[in-house]
Amino acid sequence: MINIIGGEFRGKKIEIPSAKVRPTSAKKREAIFSILESYAIKKNFNLYKNKCFIDLFAGSGSMGIEAISRGSFHSYFYEKERKVCEIISKNLHHINKKKYEIRCLNILSLKKISIDFPLSAIFIDPPYKFEYFYETLSIIINSNILKQNSIIVLESNKENKFKVPHKLKELNEKIYGKTKIIFYSLA
């Protein structure tokens, strides 16, 4: 079990689906949301009001739940494993169903992602041996869901090297032990 660290549901425990799921630590979640919130202040926009958050490779759903807890209007959870989707649903039981949607499918099987609300941020945290970063980022770009202030947050093993579509620019990169977290926006 891990705790939500900020907002309305701060301290709420959520279940981790299995040994295969590697949840983002509280320290990294706090750093990510601090960077996102600082970026929003610097660019003079509201990160959460009437905006949505996408949690790809959602695992426990901790990032999307954290976004809802902090005021995000809606979160979408993408996870391909049916049993993991059931645990995400269980972790969301205390949240109004209008605030989220769980999509139990493989993101790589999609041509595009469709959402009903303006996008604030997408969090991508695939398994550490994942190799399809370019393809995943291309699906996001081809979906035309990124807006001027939308941010992609990508977490991976710090040793991973991958191509990034030219339509994206890197805003920031942080290293936490074996993990790197990279922030992208439209170029």
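Please read all numbers here as calculations on a predicted model, not as lab measurements. (Residues numbered from 1 in each chain as written. Predicted model: local features only at pLDDT ≥ 70, side-chain atom pairs only at ≥ 80, totals over all residues. Heavy atoms only, no water.)

Q: How would you sum up the environment of glutamate 131? Please name residues and give values.
A: Mapped onto the elements of the fold, glutamate 131 is located in the loop between β6 (119-124) and α4 (133-142). Glutamate 131 gets classed as exposed once you look at its relative accessible area, which sits at 63%. Sequence separation of glutamate 131 and asparagine 46 is 85 residues, and the distance between their C-alpha atoms is 33 Å. (Helix = DSSP H or I, 4+ residues; strand = E, 2+ residues; numbered from the N terminus. Buried < 20%, exposed > 50% of the residue type's maximum accessible area, 1.4 Å probe, protein only.)

Q: Account for the sheet that holds β6, with residues named and values stated.
A: Spatially, the 7 strands line up as an open sheet ordered β5-β4-β3-β6-β7-β9-β8, and their pairing is mixed. What marks the edges here is a single partner per strand, and that holds for β5 (100-103) and β8 (168-176). The average angle at which neighbouring strand axes cross in this sheet is 15 degrees, direction not considered. Bridge count between strand β4 (residues 74-78) and β5: 4 bridges; the pairing is parallel. Bridge pairing in β5 links tyrosine 76 to glutamate 101. Against the sheet, helix α1 (residues 26-43) makes contact with β3 (52-56), β6, β7 (151-157), β8 and β9 (179-186), and its axis sits at roughly 20 degrees relative to β9, the strand it touches most. (Pairing = 2+ DSSP bridges. Axes fitted to C-alpha atoms, helices over the stretch in contact; angles between N-to-C directions. Contact = heavy atoms within 4.5 Å.)

Q: Just give me the short version of the packing of aromatic side chains, but keep the residues and values in it.
A: In total, this model carries 7 aromatic pairs according to the counting rule given. Seen in terms of ring centroids, phenylalanine 73 and phenylalanine 117 are 5.0 Å apart; in terms of plane orientation they differ by 70 degrees. Their pairing is edge-to-face. Pair noted here: phenylalanine 73 is in the loop between α2 (62-69) and β4 and phenylalanine 117 is in the loop between β5 and β6, with a separation of 44 residues, a long-range link. Residue classification places phenylalanine 73 among the partly exposed positions, given a relative accessible area of 35%. Through pairs of rings, three or more aromatic residues link up here, namely Phe57, Phe130, Tyr132, Phe133 and Phe162. Lying across the ring of tyrosine 134, lysine 163 places its NZ or CZ 4.9 Å from the centre. (Phe/Tyr/Trp six-rings, centres within 6.5 Å; stacked < 30°, edge-to-face > 60°. Lys NZ or Arg CZ within 6 Å of the ring centre and 35° of its normal.)

Q: So, α1: which residues are in play, and what are the values?
A: Here α1 spans 26 Å end to end across 18 residues, near enough to the 26 Å set by a 1.5 Å rise per residue. Where α1 is concerned, the buried positions are Lys28, Arg29, Ala31, Ile32, Phe33, Ile35, Leu36, Tyr39 and Ala40. Backbone geometry just after α1 places asparagine 44 at a positive phi near 60 degrees. (Expected span 1.5 Å × (residues − 1).)

Q: If you had to explain the nonpolar core to someone new, which residues and values would you point to?
A: Counting residues in hydrophobic clusters, the biggest one holds 25 residues, and the most contacted among them are Ile54, Leu56, Ile113, Ile122 and Ile124. Listing elements by their share of this core, those giving two or more residues are β3, β4, β6, α4, β7 and β9. A total of 5 residues in this core trace back to one element, the largest contributor, which is α4. (Core = buried A, V, L, I, M, F, W, Y, C linked by side-chain atoms within 4.5 Å.)

Q: Lay out the pairing of β7 with the relevant residues and their values.
A: In terms of burial, β7 is largely enclosed, as 6 of its 7 residues are buried. Across 6 bridges, β7 lies against β9 in antiparallel orientation. Residue glutamate 155 lies in a different strand from β9, and its bridge partner there is isoleucine 181.

Q: Could you give me a rundown of the state of the cysteines, with the residues and numbers involved?
A: For the coordinates displayed, the defined rule picks out 1 disulfide. In this model, cysteine 85 is linked to cysteine 104 through a disulfide, with the two sulfur atoms separated by 2.5 Å. The S-S bond linking cysteine 85 to cysteine 104 shows a torsion near 100 degrees; that makes this disulfide right-handed. Taken together, the residues span a long stretch of sequence, with cysteine 85 in helix α3 (residues 82-91) and cysteine 104 in the loop between β5 and β6 at a distance of 19 residues. Residue class for cysteine 85 comes out buried when judged on its relative accessible area of 5%. For cysteine 52, which is in no disulfide, the shortest distance to another cysteine sulfur is to cysteine 85 and amounts to 18 Å. (Disulfide = S-S within 2.5 Å.)

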